[in-house]
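Take a look at the letters that make up each chain.
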Amino acid sequence: MDVLLQQLFNGLTIGSVYSLVALGLTLVYGILHIPNFAHGALYMVGAYITYTIMTSLGLHYLLSILTSIIAVGMISVLMERLVFHPLKDSTPIQHKVAAIGMLLFLESFAQLIWGADYQQMETPFGQVIDFFGLTVTMQRLIIVITAVVAMILLYLFLKKTFTGATIIAMAQNREGAHLVGINTNKVAMLTFFISGVLAALGASLTSPINLVFPSMGHLVILKAFVIIIIGGMGSIPGAILGGYIIGFSESIGATYISSDYSDIISFALLVIILTIKPQGIFSKGGV
Amino acid sequence: MAAFFNKRNIVVGFILLAVIFPFITRNDYFLHVMTLAFIWMIAVYGLNLLAGYTGYLSLAHAGFFAIGAYAFGLLTVKAGFGFWPAFLLAPIITTAMGFLIGLIALRTKEHFFAIYTLCVGYIIYLVIDKWEGLTGGVRGLIGIPAPSSIGPLTLSTPIAQYYFVFVILLLVIFVIYRIIHSLTGRTFIAIRNSEELALSLGISTTKNKLISFVLSTFFAGIAGVLYACFIRFIGPDIGNLNITFDLLTYMIVGGIGTMSGPIVGTLLIVWLSQNLQFLQDYRMLIFGPLLTLMVIFSPRGISGLFALWSAKRTRKLKPKTSNVEEQA
Amino acid sequence: MFLETKRLTKQFGGLFAVKDVDFSIEEGKINAIIGPNGAGKSTFFNLVSGLYRPTSGQVLFKGKDISNLKANKVAKLGVARTFQTTHLFEQATVFDNVIVGHRLRTKANLFDSIFHTKRLKREEEQCKEKALEVLQFVGLEHAVDHLVANISQEEKKRVAFALALATDPEIVFLDEPTAGINPDETAELSELIEKMAENGLTICLIEHKMQMIMNLAEQIMVLNYGEKIAQGTPEEINRNEEVIKAYLGGSTSA
C-alpha cells in the first residue's frame, strides 16, 4: 500500500510537469494550428538557463527560475515572429519542418554552450519531509504546488481578463477574431510567450530530480503530444487531465509492469487511441 | 526541345561523374562517404515519395530503415541465412511491417499522422534498444556479412561495393521516376493537393496512400539493408529520431517533391559536413536554421530554385506540353 | 427520378446542418439550391457526393441507394462535383491538372506504372485525350500549357469544371461556381453551364447570385437553417412568401 501511495505521489509530480508542458503546446496548437515540435527544445533551454544563472551568478533557485521563464518566453516570441509568422499561409508540412529546424538548432546550440554532459541541478529544497505519512522531498512538493498555482493563474488569466478572452476567442475562430478587431498578431505573440514560460517552468521545476542535458526535451515533447491528443488538441482542461493521466500511468506502470518499458506506455497508449479514434478522443464534429 | 536535351545531359553527366568518381579520388575514405551518401539517397527517395508527392510526412522513416537493417542483420547473423536470400527477404519484411503500420497510421491525417508516426518511430527505436535478447540492445549487432560475389563478380572491395550500391540507387531512381511520371504518380499528387478533390474525382485515397506509404517503407528497408551489409555493424541509434531528421534535412534542402532533390540535398549536406569536420557535433547549428530558412524562402529546396531559374530563362521558348513536376 | 434525397439529415454534435430534406433532380435540367449563409447548402452537397455520411435519410441515384457509398465510389457512378475553392496544383500546367480527372476510368496499377506496360501507355493516352477534349469544351484550349499559377480566377473555375467533366459524369454538382469573379465573367460561366446542360448533363448548383440563378435554373430549392422551405420554378420561388421572409430576415448575402 505504501509503495502504491508513494508511486501515486510520484505520478502527481511527473504529471504536474507534463501538464505544464502540454498546456503550452495545446495553447499554441489551439490558436495557430501549429504542432510546435520545437517546444521540447524550449523546455531544455529553460532548464539550462536556470542552471546557468544558479551556478554562474549564484542567484537563488526561485529567482533563477523567474529569469529563465521570462527569457524562454522571449525566445518563444522570437520564434513566432521569425519563423511561424512568415509561414502563416503555408502548408502543414512546412510548419512541422520549420519547427523541427528550430529544434535541431536549439539542441545543437545547447550542446555548443553547455556541452553534451549531464548536469546536476542543485535545489535549496532537498530536505525530506513527512507528508501525511509519506516521506517526500520538499522539491517534489514544490513541483506540485507551483504547477497547480501556475495552472490556476493561467485559468484566471484566460477566463477573467480581457486579454485572456481574446486568446480564447481566437482559438475558437481565427477569422472571426480578426474581424471583430482582435489584433491576431499580438495574441499569437502572447500565446507563444505563455507557452515558452510554461515550458521553462516545467523544466526548471523537474531538473533537480532529473538531469539537465541537450536532448532532455525529446521524451517530454513526445509525451506532451500524446497528452494533447488524449486531451483533445487545443483543449486546456484536456491537457491538464491528460498530463496527470500519463503521469500516473507511467509511475504505476514502472512499478508494476517494467521500468525498462515505462517510456513506451504513453506511446503505446497513443497508438491505441489513434488506432481506435483517428481524430483523437475529444475531437469535435465528424464525417 | 532544348530544355529536354539539357536535362538529359545533366542526367548523363551525373551518371558519368559517379562512374568515374572512384578513379578521380583514389581515396578509400571518400569512396566510403560517397557510398554511404548513396544509401541515404535511397532512403530519402522513399521519404520524398510519401511526403513530397503524396503529402504525408512520416517521422517513422528511420524506424523502417532500422527494421530493414536489423531484419537483414538478424537473418544473416542469427538465423544463418545466406547473403542473397536475406538481401531479398529483409526489404520484404520491412514492407510487411510498413503495410501493417500504414493501415492504421493512415487513418490519421496531417499533424496527427506526423505525431503518430513520430511515436511509432520512437517505439521501434525503444524496442530495438531494449529487446536485448533479440537485437543485442545497445551493444548492437556485429559480424554482418559483406555482399557475397555474384558469379565471378566479387563485391568485397570498396570500389565494388561503391558500384553495387550505385547500381541499386540507379534502379531505385528509375523506379521512382516511372512511378511519378505515370498515372500512379498523378494520383499521388492529386491526393497531396486535396484529398477531398481526389476523392470526388473517384480516386480511392485510402488505397493510394497505403501504396505510397508501403513503397516508402520498402525503399527505407532497402537502404537499411545496404547500410547493414556495407557498415557491417548496426546499433539501435540507426533507428533514432536524429536519423529521421537527417533524412528530412536532405529532402527539404534538396527539394521536397522534386525528382532531383534527394540527390542534391544529400550530396550537398554530406559533403558540407565532411568539409566542416570541426562542426561535426554542432552541424545542426547550421543545418537547423538552413532547414527553417529553406521552408520559408524556398519551399521546394535547391531543385525548386533551379527549376524556377531555368523556367525564367526558357520562358520565351514554347513550353512542351505535359510533364508532371518537371524539375531540374 | 434521376437523383433524389429522402428525408436527408446530417447532424453535427446535436445541431442539424441538414434536416429532413426531400429533393429531386430532373435529368438534363439545371437545378439550383439557394439559401442564406449557413443554410446547409454545402453540407447537402457533401452528403450527396459522399464526402459525408448522412445521419439519417437516403440519397438515391437512378433508383440506387448511394447514401453510404464513399465519395470515390459515388464519383465512379457518374456523380461529379466542384468545390468553392478550386484546389488546383498551382505549379503545374492546366493540362497536367486535368489529366488525373479521368483516372477513375482507368485500371493501370503500380505494376503497370513501373514496367510501363501497354495498358499504362494506352490509358495515359486516353486520359490525355480526355483532358484535351474537356479543356476544349470549357474553352481553355489556349491555356492548356499555362501554369495554373498564371491564369485568372475565372480560368481556374473553368479548369475545375474540366476536371469534373473528365470523370465522364452524368450529373455535375457545382458549389458556388461564380464566387469571387466579376459580372462579365459570371455571364460567360453561365453560358458554359448552359452548354453543359445542352450536352445532356444534369446540373445542380449552389449560388448566391440571385439574378444569375433566376435566369439559369429551371428548378430551385431553397434551404434555410438546414430545412427545405420552398421548391419550384424561378417564378414560383420569386413569389414565395417564406423565401422572401428568410432572405429579408436572415443574412443579406443573396
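Residues numbered from 1 in each chain as written. Chains lettered and ligands numbered in written order. Predicted model: local features only at pLDDT ≥ 70, side-chain atom pairs only at ≥ 80, totals over all residues. Heavy atoms only, no water.

- Per an unreviewed UniProt entry, chain B carries the name Branched-chain amino acid transport system permease protein and comes from Salinibacillus kushneri.
- Of chain B, the UniProt comment under Subcellular location (unreviewed entry) reads exactly: "Cell membrane". (UniProt positions renumbered as here; feature names shortened; annotations may be inferred.)

- Looking at an unreviewed UniProt entry, chain A carries the name Branched-chain amino acid transport system permease protein, with the source organism given as Salinibacillus kushneri.
- One UniProt comment on chain A, placed under Subcellular location (unreviewed entry), says "Cell membrane".
- Per its UniProt entry, chain A bears the Sequence similarities (unreviewed entry) comment "Belongs to the binding-protein-dependent transport system permease family. LivHM subfamily."

1. Considerations on the packing of helix α4 (residues 83–105) of chain B against helix α10 (residues 205–231) of chain B
In a packed pair of helices, the relevant descriptors are the angle between the two axes and the axis-to-axis distance.
Residue and element names in this part refer to chain B.
Phase 1: For the pair α4 and α10, the least separation of the axes is 8 Å and the interaxial angle reads 145 degrees. Note on packing geometry: the crossing formed by α4 with α10 is right-handed. The residues of α10 that touch α4, namely those facing F83, F87, A90, P91, T94, T95, G98, F99, I101, G102 and L103, are L210, F213, V214, T217, F218, G221, I222, V225, L226 and C229.
Phase 2: Split into classes, the residues belonging to the contact of α4 with α10 amount to 15 nonpolar, 6 polar and no charged. (Axes fitted to C-alpha atoms, helices over the stretch in contact; angles between N-to-C directions. Helix = DSSP H or I, 4+ residues; strand = E, 2+ residues; numbered from the N terminus. Left-handed = near helix turned anticlockwise from the far one by under 90°. Contact = heavy atoms within 4.5 Å. Nonpolar A, V, L, I, M, F, W, Y, C, P; charged D, E, K, R; others polar.)

2. Overview of the interface of chain B and chain C
Phase 1: Of the residues lining the interface, 33 residues belong to chain B; the matching set on chain C comes to 36 residues.
Phase 2: In this assembly, chain B packs against chain C so that about 2,900 Å² is buried in total across both faces, 62% of it on carbon and sulfur atoms.
Phase 3: Joining chain B to chain C, the criterion identifies 1 salt bridge.
Phase 4: Across the salt bridge formed by R186 of chain B and D96 of chain C, the nearest N and O atoms sit 3.0 Å from each other. (Buried area = accessible area lost by both parts, 1.4 Å probe. Salt bridge = Lys/Arg side-chain N within 4 Å of Asp/Glu carboxyl O.)

3. A word on the packing of helix α3 (residues 61–84) of chain A against helix α4 (residues 92–114) of chain A
All names here are of chain A.
Phase 1: Two elements in contact, α3 and α4, have axes whose closest approach is 11 Å; the angle formed by their N-to-C orientations is 130 degrees. Between α3 and α4, the angle falls in the class oblique. Seen from above, α3 lies across α4 with right-handed handedness. Residues M79, V83 and F84 of α3 touch α4, and the partners they reach there are H95, A98, A99 and M102. (Parallel < 35°, antiparallel > 145°, perpendicular 65-115°, else oblique.)

4. Describing the pairing of strand β4 (residues 56–61) of chain C
All names here are of chain C.
Phase 1: Bridge count between strand β1 (residues 3–12) and β4: 5 bridges; the pairing is antiparallel. In the sheet register, E4 faces β4, and the bridge partner there is L60.
Phase 2: Examined bridge by bridge, β4 and strand β5 (residues 64–65) share 2 bridges and lie antiparallel to one another. Following the sheet pairing, F61 is matched in β5 by K64.
Phase 3: Between β4 and β5, which pair antiparallel and follow one another directly, the connecting turn spans 2 residues, one of which, K62, has a positive phi of 50 degrees. (Pairing = 2+ DSSP bridges.)

5. Focus: the UniProt feature "transmembrane region" (unreviewed entry) in chain A
All names here are of chain A.
Phase 1: Mapped onto the present numbering, the UniProt feature "transmembrane region" (unreviewed entry) falls on residues 12–32, 41–59, 65–84, 96–116, 136–158 and 187–205.
Phase 2: The distance separating the terminal C-alpha atoms of residues 136–158 is 33 Å; by composition the span is 91% helix and 9% strand.
Phase 3: From the first C-alpha to the last, residues 187–205 spans 27 Å; its make-up is 100% helix and 0% strand.

6. Here we look at the sheet that holds β5 of chain C
All names here are of chain C.
Phase 1: Reading across from one edge, β2-β1-β4-β5 is the order of the 4 strands in this open sheet, with antiparallel pairing throughout. Two strands lie at the open edges of the sheet, namely β2 (15–25) and β5, each paired on one side alone.
Phase 2: Of the strands in this sheet, β1, β2 and β4 are in contact with helix α1 (residues 41–48), which crosses β1 at around 115 degrees.

7. Details of a positive patch on the surface
Phase 1: Where like charges cluster on the molecular surface, the positive patch consists of K207 of chain B together with R53, K70, K73, K76 and K107 of chain C.
Phase 2: Among the structural elements, K76 of chain C can be located in helix α2 (residues 71–76).
Phase 3: K76 of chain C sits in the partly exposed class, given a relative accessible area of 40%. (Patch = residues over 30% accessible without salt bridge, like charges linked within 9 Å, V, L, I, M, F, W, Y side chains within 5 Å. Areas by Shrake-Rupley, 256 points an atom, 1.4 Å probe, with all protein chains shown as cover. Lys, Arg positive; Asp, Glu negative; His and termini not counted. Charge placed at Lys NZ, Arg CZ, Asp CG, Glu CD. Buried < 20%, exposed > 50% of the residue type's maximum accessible area, 1.4 Å probe, protein only.)

8. Re the interface of chain B and chain A
Phase 1: In this assembly, 41 residues from chain B lie in contact with 45 residues from chain A.
Phase 2: Each partner contributes to the roughly 3,800 Å² buried at the junction of chain B and chain A, and carbon and sulfur atoms together form 80% of this total.
Phase 3: Three residues stand out in chain B for area buried against chain A, namely H111, F112 and I115 of chain B, and they jointly supply 18% of the buried area on that side.
Phase 4: In this assembly, chain B and chain A are joined by 5 residue pairs in polar contact (both at pLDDT 80 or more).
Phase 5: The set of elements that each furnish at least two residues to the side of chain B that touches chain A consists of α5 (110–130), α11 (241–254) and α13 (284–297) of chain B.
Phase 6: Broken down by element, the residue count for the side of chain B that touches chain A peaks at 14 residues, all from α5 of chain B.
Phase 7: Classifying every residue of the side of chain B that touches chain A by side-chain character gives 29 nonpolar, 7 polar and 5 charged. (Polar contact = N/O pair within 3.5 Å; in protein donor to acceptor, adjacent residues only side chain to side chain.)

9. Re the packing of aromatic side chains
Phase 1: Here the structure, examined in full by the defined rule, presents 34 aromatic pairs over all chains.
Phase 2: Seen from their ring centres, F87 of chain B and F164 of chain B are 5.8 Å apart, and the 45 degrees between their planes marks the pair as tilted. Here F164 of chain B lies in helix α7 (residues 158–180) and F87 of chain B lies in helix α4, a separation of 77 residues in the sequence. Of the two residues, F87 of chain B and F164 of chain B, both sit in the buried class.
Phase 3: A ring pair is formed by Y162 of chain B and Y163 of chain B, whose centres lie 5.3 Å apart and whose planes are at 75 degrees; its orientation type is edge-to-face.
Phase 4: The exposure class assigned to Y162 of chain B is buried, which follows from its relative accessible area of 0%.
Phase 5: Through pairs of rings, three or more aromatic residues link up here, namely F21, F38, Y162, Y163 and F166 of chain B.
Phase 6: Over the ring of F83 of chain C we find R81 of chain C; its NZ or CZ atom is 4.0 Å from the centre of that ring.
Phase 7: Above the plane of the ring of F137 of chain C lies K195 of chain C, whose end atom (NZ or CZ) is 4.4 Å from the centre. (Phe/Tyr/Trp six-rings, centres within 6.5 Å; stacked < 30°, edge-to-face > 60°. Lys NZ or Arg CZ within 6 Å of the ring centre and 35° of its normal.)

10. Observations regarding the pairing of strand β7 (residues 171–175) of chain C
All names here are of chain C.
Phase 1: Taking burial as the measure, the 5 residues of β7 include 5 buried ones, the bulk of the element.
Phase 2: Residues I171, F173 and D175 of β7 are buried on one face, and the alternating residues V172 and L174, pointing to the opposite face, are buried as well.
Phase 3: Of the pairings in the sheet, the one linking strand β6 (residues 79–81) to β7 comprises 3 bridges and is parallel in character. Bridge pairing links R81 to F173 in β7.
Phase 4: Sheet analysis places β7 next to strand β8 (residues 202–206), joined by 5 bridges and oriented parallel. Along β8, the bridge assignment pairs I171 with T202.
Phase 5: Crossover connection from β7 via helix α7 (residues 183–198) to parallel β8: handedness right-handed. (Right-handed = clockwise from strand over helix to strand, strands pointing away.)

11. Concerning the environment of G11 of chain A
Residues and elements named next belong to chain A.
Phase 1: By secondary structure assignment, the location of G11 is in helix α1 (residues 2–32).
Phase 2: C-alpha of G11 to C-alpha of Q279: the two residues are 268 residues apart in sequence and 27 Å apart in space.
Phase 3: The residues contacting G11, other than those within four sequence positions of it, are G247, F248 and S251.

12. So, the confidence of the model for chain A
Phase 1: Averaged over every residue, the pLDDT of chain A is 86; residues scoring 70 or more account for 96%.
Phase 2: Per-element confidence in chain A ranges from a low mean pLDDT of 71 for helix α7 (residues 174–179) of chain A to a high of 94 for α3 of chain A. (pLDDT = per-residue confidence, 0-100.)

13. A short note on a nonpolar patch on the surface
All names here are of chain B.
Phase 1: On the surface, V11, I15, L17, V19, I20, F23, I24 and L170 cluster together into a nonpolar patch covering about 660 Å² of accessible area.
Phase 2: The greatest single-element share of the nonpolar patch, amounting to 7 residues, is contributed by helix α1 (residues 2–25).
Phase 3: Looking at the secondary structure, you find I24 in helix α1.

14. Some points on the side chain of D246 of chain B
Phase 1: Positionally, D246 of chain B belongs in helix α11.
Phase 2: When near neighbours in sequence (up to four residues on either side) are disregarded, D246 of chain B contacts R283 and M284 of chain B.

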